[in-house]
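Listed below are the residues making up each chain.
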Amino acid sequence: MNLTEDQILTLAPDESSKKSGKDLANPSKWVSRGASENALWGECQGSGSKPYQTQIDTANIAFKCSCPSRKFPCKHGLGLLLLYARDKKNFTVSAEPAWVTDWLAKRTEKQEKQAEKKSKPVDEAAQAKRQQSRQAKVSEGIDELSSWLKDIIRNGIISIPEKGAVFFENMSRRLIDAQSPGLAGMVNSLAEINYYTEGWPTRFMDQVLKIYMVIEGYRNSADLEESLQQDIKTRIGFTQNQDELKEQPGIMDTWLILGKQVTETDNVTTEKFWLYGTSTDQYALLLQFIIRGQGVQFNLTPGMFVQAELVFFPSAIPLRALIKRQVATDEVSHFKTLDNWQSVAEIETRLNSVVPFRTERAFIVRQLTPVQYNQQWWLKDMENNIVPLKTDYRHTWKLLALSGGQPIDMAVVGMEDQFEPLGIWQDNAYKIIQ
Amino acid sequence: MEIWNTIINTALMGTDKKQISASELPAALGEYAPLILENPAKDKEDKFLQLSALLLNYRLCGSKPPRKETSLAPAEAEQKSYCNEGGLEVLKDILIEDNFHLLNFWLKHCTEKQVIVMPELVPVLLAKATEHKKLQYLVADCCGKRGEWLGKLNTAWNFSSTQTGEELWQTGSFEQRKEILRQTRSIDPAKAREWVQQTWSQEDAASKTALLEILADNSSSTDIPFLESLDTEKGKKVKDMANQLLKQIPGSAIIRLYEKLLSESVQLKKEKALLGMMSKTTLHCKLPENIDDAFYKTGIDKLSNKKELSDDEYVISQVLEFVPPVFWENRFQLNPEQIIDLFQKDANGKKLIPALVRAITRFKDARWAIRFMEQSQVFYIDIIPLLNDQQQEQFSNKLFDRYPDDIIQYATRRKSEWSIELAIKILRHAAKNPYQYNRAFFSQHIHLLPVHMVGELERCTPPEEHFRSGWSNMSDYIMKLTSLKIQTIKAFTT
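Since the model is a prediction, treat every value here as computed from it, not as a measurement.

Right, let's talk about the overall build of chain B for a bit. Counting its secondary structure elements, chain B contains 25 helices and four strands. In terms of overall dimensions, chain B is more spread out than a globule: its C-alpha atoms have a radius of gyration of 36 Å, far above the 23 Å expected for 494 residues. The C-alpha extent of chain B, read off along each of the three principal axes, is 135 × 60 × 50 Å. Per-residue burial over chain B gives 31% buried out of 494 residues. Partitioning the intrachain contacts of chain B with sequence separation of at least 6 by distance along the chain shows that 61% fall at a separation of at least 24.

The biggest cluster of nonpolar side chains holds 128 residues, and the ones touching the most others in it are Leu275 and Ala362 of chain A together with Val139 of chain B. In terms of residue count, helix H7 (residues 136–153) of chain B provides more of this core than any other element does, seven residues in total. In contact with Ala362 of chain A, other than residues within four places in its own chain, are Leu258, Trp274, Tyr276, Tyr283, Ala411, Val412, Val413 and Leu422 of chain A. Within the second largest apolar cluster, 48 residues are counted, among which are Leu168, Tyr258, Ala369 and Phe372 of chain B.

Our focus in this paragraph is the sheet that holds strand S15 (residues 418–426) of chain A. Residue and element names in this part refer to chain A. Strands sit in the order S13-S12-S11-S14-S15-S16 across an open sheet of six strands; the sheet is antiparallel. Where the open sheet ends on each side, the last strands, each with one partner, are strand S13 (386–388) and strand S16 (429–432). Neighbour-to-neighbour, the strand axes of this sheet turn through a mean angle of 45°, independent of strand direction. Direction of pairing for strand S11 (residues 361–373) relative to strand S14 (residues 408–415): antiparallel, over a ladder of six bridges. Each bridged residue has a counterpart across the sheet, and for Ala362 the counterpart in S14 is Val413. Along the sheet, helix H13 (residues 396–403) makes contact with S11, strand S12 (376–380), S14, S15 and S16, crossing S11 at roughly 85°.

Moving on to the sheet that holds strand S10 (residues 320–327) of chain A. Either a parallel or an antiparallel arrangement is found when strands of a sheet pair, and the pairing is made through backbone hydrogen bonds. Residues and elements named next belong to chain A. Within the closed barrel, the five strands sit side by side as S6-S7-S8-S10-S9. Their pairing is mixed. Adjacent strand axes in the sheet meet at a mean angle of 55° when their direction is disregarded. Examined bridge by bridge, strand S6 (residues 251–265) and strand S9 (residues 305–312) share six bridges and lie antiparallel to one another. Across the sheet, Trp255 pairs through a bridge with Val306, a residue of S9.

Next up on the list: the interface of chain B and chain A. Taken together, the 43 residues of chain B in the interface contact 46 residues of chain A. The set of elements that each furnish at least two residues to the side of chain B that touches chain A consists of helix H1 (2–13), helix H3 (44–61), helix H4 (85–97), helix H6 (122–131) and H7 of chain B. The biggest single contributor to the side of chain B that touches chain A is H3 of chain B, with nine residues. Residue composition of the side of chain B that touches chain A, by class: 24 nonpolar, seven polar and 12 charged.

What follows is about H4 of chain B. With 13 residues, H4 of chain B extends 18 Å between its outermost C-alpha atoms, agreeing within 8% with the 18 Å of an ideal straight helix rising 1.5 Å per residue. Turning to H4 of chain B, the residues buried within the fold contact helix H2 (15–24) of chain A together with helix H5 (100–112) and helix H25 (465–493) of chain B. Two residues or fewer after H4 of chain B comes Asp98 of chain B, characterised by a positive phi angle close to 55°.

A few words on helix H8 (residues 181–191) of chain A. Residues and elements named next belong to chain A. For H8, the full list of buried residues reads Leu183, Ala184, Met186, Val187 and Leu190. Angular distribution of buried residues about the axis of H8 spans 160°; they occupy a single face of the element. In this structure, the buried residues of H8 make contact with helix H5 (124–155), helix H7 (165–177), helix H9 (200–219) and helix H10 (226–236).

Quick look at the domain arrangement of chain A now. Residues and elements named next belong to chain A. Its domain assignment divides chain A into domain 1 (5–119), domain 2 (124–236), domain 3 (242–327) and domain 4 (341–432). Taken over C-alpha atoms, the centre of domain 3 sits 22 Å from the centre of domain 4. Contacts between domain 3 and domain 4 engage 11 residues on the former and 13 residues on the latter. Going through the elements one at a time, S6 and strand S7 (268–277) are the ones with two or more residues in the side of domain 3 that touches domain 4.

Here the focus is the packing of H8 of chain A against H9 of chain A. Packed helix pairs are specified by the crossing angle of their axes together with the interaxial distance, meaning the distance between the axes. Residue and element names in this part refer to chain A. Look at H8 against H9: their axes get within 9 Å of each other, and the N-to-C directions meet at 165°. Judged by the inter-axis angle, H8 sits roughly antiparallel to H9. The element H8 and its partner H9 pack so that their crossing is left-handed. Contacts between H8 and H9 pair Leu183, Met186, Val187, Ser189 and Leu190 from the former with Phe204, Gln207, Lys210, Ile211 and Val214 from the latter.

Further remarks concern the environment of Thr239 of chain A. All names here are of chain A. Relative to the helices and strands, Thr239 resides in the loop between H10 and helix H11 (242–246). What makes Thr239 exposed here is the crowd of 10 C-beta atoms within 10 Å. Sequence separation of Thr239 and Pro181 is 58 residues, and the distance between their C-alpha atoms is 9.8 Å.

Rules used throughout
- Residues numbered from 1 in each chain as written.
- Chains lettered and ligands numbered in written order.
- Predicted model: local features only at pLDDT ≥ 70, side-chain atom pairs only at ≥ 80, totals over all residues.
- Helix = DSSP H or I, 4+ residues; strand = E, 2+ residues; numbered from the N terminus.
- Rg over C-alpha atoms; globule rule 2.2 N^0.38 Å.
- Buried ≥ 20, exposed ≤ 12 C-beta atoms within 10 Å, placed from the backbone.
- Contact = placed C-beta atoms within 7 Å.
- Core = buried A, V, L, I, M, F, W, Y, C linked by C-beta atoms within 7 Å.
- Pairing = 2+ DSSP bridges.
- Axes fitted to C-alpha atoms, helices over the stretch in contact; angles between N-to-C directions.
- Nonpolar A, V, L, I, M, F, W, Y, C, P; charged D, E, K, R; others polar.
- Expected span 1.5 Å × (residues − 1).
- Arc of directions from axis to C-beta.
- Domains from an automatic or database assignment.
- Parallel < 35°, antiparallel > 145°, perpendicular 65-115°, else oblique.
- Left-handed = near helix turned anticlockwise from the far one by under 90°.

Rendered as structure tokens:
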């Protein structure tokens, strides 16, 4: 495990944890420190009478601590990992103590139990009945949504900005009742459009048309290929059984974590990890939903390489994946780049022709230079093709500072005419921009 | 794409008012449009949405990035080398801690070592410098060519440009002009005054007042002609500020006027004492008759508002404050010790001592300050900053137990680190007054705490049980800040 301080700090749940974690990255704070092939552990004297026992599964980057903090990872976990990253000599290499082996064993046991749970027979009749009932509800919801969209189109969208968020929230709630959370999210995103900026009618219509394509696709699913049917169901909000999915064969590769995007809505934090498979040249998206106070399934930090087997969710253009198996790696692999924006456009065209309502993707593009044009920042490729940076991109100055006006290989995420840099390569090292 | 505009215009108006015809669609879609438009099972909204969806896909699939010959002149290559990894890690910690003084400390070391920060840290430092203007020159120095380049792209950061001081004075923002004037005044006071004189006629009243305020630092007799010429200024605030400065410069007309009045008002007289067996020298204070009313317009009140001072004494005490102490040496042909002794022993002189102290501090007379500290029975805290570091330490330690808060107040204004002895005294006092000397206090004054203090923190623990836990937390905090100082020193000495 070779993580830099910056990479470790991106695991922190908030700024204060970063600060406290850094304070604890000091040998004097730890009564004992140890390391083995699979784990790190330490005892930190806190305010309690007994020192807190902190342990880290280094193969899967998982944390456990006996402190009462609800943050995850807690400051002790971060501090211990930072201390290890700063100087491994601070840790005694030895056999894991009982409290660490117990935890590691429990983790393995839990994984096995999950595997057993998968093998339990399901009541197929009840399942079919549930599915039927849900499909009926979804169809009803889709009919209402279709009428709602048509009303908007009939009356004209010019009055939309005056309607306010409630107009969209009402429809979105109705779709939640109709067990179509995906569509509800798509409707909610109409409320997030900035109606005070130029070009809002295009942004509004783009989203309306994507919703329309999803609902029409659902109504005509029978004529579509199974993989595309899956894409439609996913956009509507049908979930995939992840345990079943994990049983499918995956793709083993050394994946580079290109970037992490975090959003928070209603106490649920959504983490999006953009991955690049260094051997397969394939991109993947891992999603993690964290409900406040609960632990996380996995910890990945941008810039790190993980050797893992990923299983992709069924799709005509697979992107979203989950980790089936992960092993520790210190390997630093190479990457391939797309030559220019034209190559990106060609891939996008192919993807759009398969799934016209698709979402954004990551790309690694060769030698991009930030340039200013029409009072806006753009990314220029070696053929002078330019693509604008996302209007709300917050790290333009850091990007400029790193580039110094020189072209650099860059990982970006976005689609059509809006891209956001995730990181760049400089001196053979990947640097995250956040 | 023209057709997309048609879609948007139709959507804005609504399908009740406008429809799209097949003829408006691109030829490439000619094959599909009739399938939609001629479908009797679909209403006009469905037809519009289907056509629009088709066009959306057509737009997305045919999207090509524009080609523009736009370019950006790249940043120049750096001339200095980058700071080592350890130094950069400390800098990141200091930035997280958001401590101005530690950042200032780090930047000074970086500048002295003639190294620069890595490019990714340049924007955050430039942003800090817009927040803390005093850091601008250090930040510009530590950000190298990359900082200069970013300054050209972001006007808020253009303090990192390579303009000379004079260019900046002539063309910079008012904040930049004030900063460069302040710096020039401290190293070349005459040049700073010349700059102000050159642009004086173009400044507005508020700017004039602000610039004069800066000239208060390092003022000298060479400023007198300029300041006295401001008597014709229209703005009252400008005139008042100029007069205030003139009252600080020995040899100015106003000070000469005050000296003249004191020569006429304060006399030494020998009187007999102990039934005529001995004689003693006393101070006689009496204002001359017929003082011109113009005299009182210089800011001197006629009537006393202090019961212990008569009107004459009150006027004399006000004037005395604006007369350099050296005046008394010439006037009485005595040395400072003898004069202080005279003031202390004389009933009238005693009343004038506070004004004499104010004169010592106003004219920053270190010679008188040390004599006063040694001889005075009363402790005048305002004198401490006039002493050199060693003398300040000596008197601060000596008087700390009697005036702890006053001594701390002045100790925080010092530019050099406290001695261990004084630091221990301050920490011991702070440990017992946690509300007054809280984290913010130590955060602001960490640059004054000697790093060797870390080992002494435990010794400062108060004996009172109820203070102990608070002090333990505070010690941890002080230790953390001190550790950042130590790491900074280490990073730049290796």
